[in-house]
Amino acid sequence: MIYRVTELRPLAFCLPFCLMLLPTVCQAQQGGEDRVLTTADGWPIHITYYESSKGKESPAVILVPGVEGIEGSMTRRVWDGVAGALQKNGFAVVTADLRKHGDSVPPVDESERSRLTRLLPADYTLMVTQDMTVIKDFLVNEHQKEKLNIRKLGIAAAGSSGLVVTAFAANDWLRKPWPDAPTLAQRTPRGQDVRAILMLSPKSSVRGLSAASPLRLLADPAREIAFHIYYNPEDRAEKSSAEKLFRFLKLKDENDARRIIEGPPDKAFSAEGLLQGKAAPVMEKNITEFFDTYVKGRNDPWQTRTSKLQ
């Protein structure tokens, strides 16, 4: 298992490495198609889907911007460059605005918009159980069409969404296969697909979500999940949060984990800031290499998700 925590560095320093889907298709964005998915509780989740041309063995990645409130967060467009780079490398990619962020707000007048986008503690839980679930279901549907291999799934997130995706990944790993065969190896999977998680400037806590239990569950070496955390060492609160999360991931045997921390940079970036400007090409390369190694490189052949019991 590989765990990484990396300080964010300037360009001058080299960085180490059953829900209803409404396929509303809009104009393609840099190789992607805008779509709207609808959660079980009726919330519209806007995504951009970058389809792979490589067929059923294509790995998949979900990219999520921070969820700090609609006024203080980027939209999924900030991931366009990374998504395009991953698509060129044979990945199927989804960039997503979670509820109350970006485009994922019901069409209402301005007075209602303010009320509807006010973040409540329950919203973070709903992002886990509703928003991320409908995105995963969309990818499973593409898997069943033999357009990708959901067994090779990575996720990248920024800020508070780092805890959202780790909680989702933990829930996904708790989904046991269908009891449709005598042995575990012969049974049809229902989850346990997330193979790598990359976080940019993650928070160590958000209202309604705990970091400890999900990360400790995902840290089980039997799950073989890779982690890469970037953070700004010049921001004391950010540095503290990143290192706290990493402590949840560390194993007792130090030889089972690698922690990478660069020396103090002249300047550091935070969260989505690293995906923009002159730093963007470096991060596109680093993120692609990370998912290439720990997702695309896995030996997990395509397997149907239609159980013999269905």
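Remember, predicted model here, so these are calculated numbers, not experimental data.

Undergrad: Sorry, what's going on with helix α3 (residues 121-144) here?
TA: If you check α3, its first and last C-alpha atoms are 35 Å apart, about what 24 residues at 1.5 Å a residue would give, namely 34 Å. M127 marks the point of greatest bend in α3, at about 45°. Positive phi shows up at E146, right after α3, with a value of about 65°.

Undergrad: Teacher, can you tell me more about the packing of aromatic side chains here?
TA: By convention here, two paired aromatic rings are described through the distance between centres and the angle between planes. Counted by the stated rule, this structure contains three aromatic pairs. Relative to F138, the ring of Y49 lies with its centre 4.9 Å away and its plane at 90°, an arrangement referred to as edge-to-face. Note that Y49 is positioned in strand β4 (residues 44-50) and F138 in helix α3, a separation of 89 residues in sequence. Across the pair, exposure class does not vary: Y49 and F138 are buried alike. Ring pairs connect the aromatic residues F290, F291 and Y294, which therefore count as one cluster. Sitting over the ring of W302, K56 keeps its end group 4.5 Å from the ring centre. Here R190 stacks its cationic end above the ring of W178, 4.5 Å away from the centre of that ring.

Undergrad: What is the right way to read helix α1 (residues 80-88) from this model?
TA: In an α-helix, one turn spans 3.6 residues; hence positions three or four apart end up facing the same way. Burial in α1 covers these residues: D80, V82, A83, G84, A85 and L86. Next to the buried residues of α1 lie β4, β5 (60-64), β6 (92-96) and α7 (280-296).

Undergrad: What am I meant to see in the nonpolar core here?
TA: Soluble globular proteins tend to bury their nonpolar side chains together. Among the nonpolar cores identified, the biggest contains 56 residues, and M132, I135, L139, V164 and L218 are the most heavily contacted of them. A total of nine residues in this core trace back to one element, the largest contributor, which is α3. In contact with I135, not counting residues within four places along its chain, are L37, I45, I47, I62, V94, A96 and L98. Within the second largest apolar cluster, 27 residues are counted, among which are L63, V78, L86 and M283.

About the criteria used
- Residues numbered from 1 in each chain as written.
- Predicted model: local features only at pLDDT ≥ 70, side-chain atom pairs only at ≥ 80, totals over all residues.
- Heavy atoms only, no water.
- Helix = DSSP H or I, 4+ residues; strand = E, 2+ residues; numbered from the N terminus.
- Expected span 1.5 Å × (residues − 1).
- Bend = angle between axes of the 7 residues up to and from the residue.
- Phe/Tyr/Trp six-rings, centres within 6.5 Å; stacked < 30°, edge-to-face > 60°.
- Buried < 20%, exposed > 50% of the residue type's maximum accessible area, 1.4 Å probe, protein only.
- Lys NZ or Arg CZ within 6 Å of the ring centre and 35° of its normal.
- Contact = heavy atoms within 4.5 Å.
- Core = buried A, V, L, I, M, F, W, Y, C linked by side-chain atoms within 4.5 Å.

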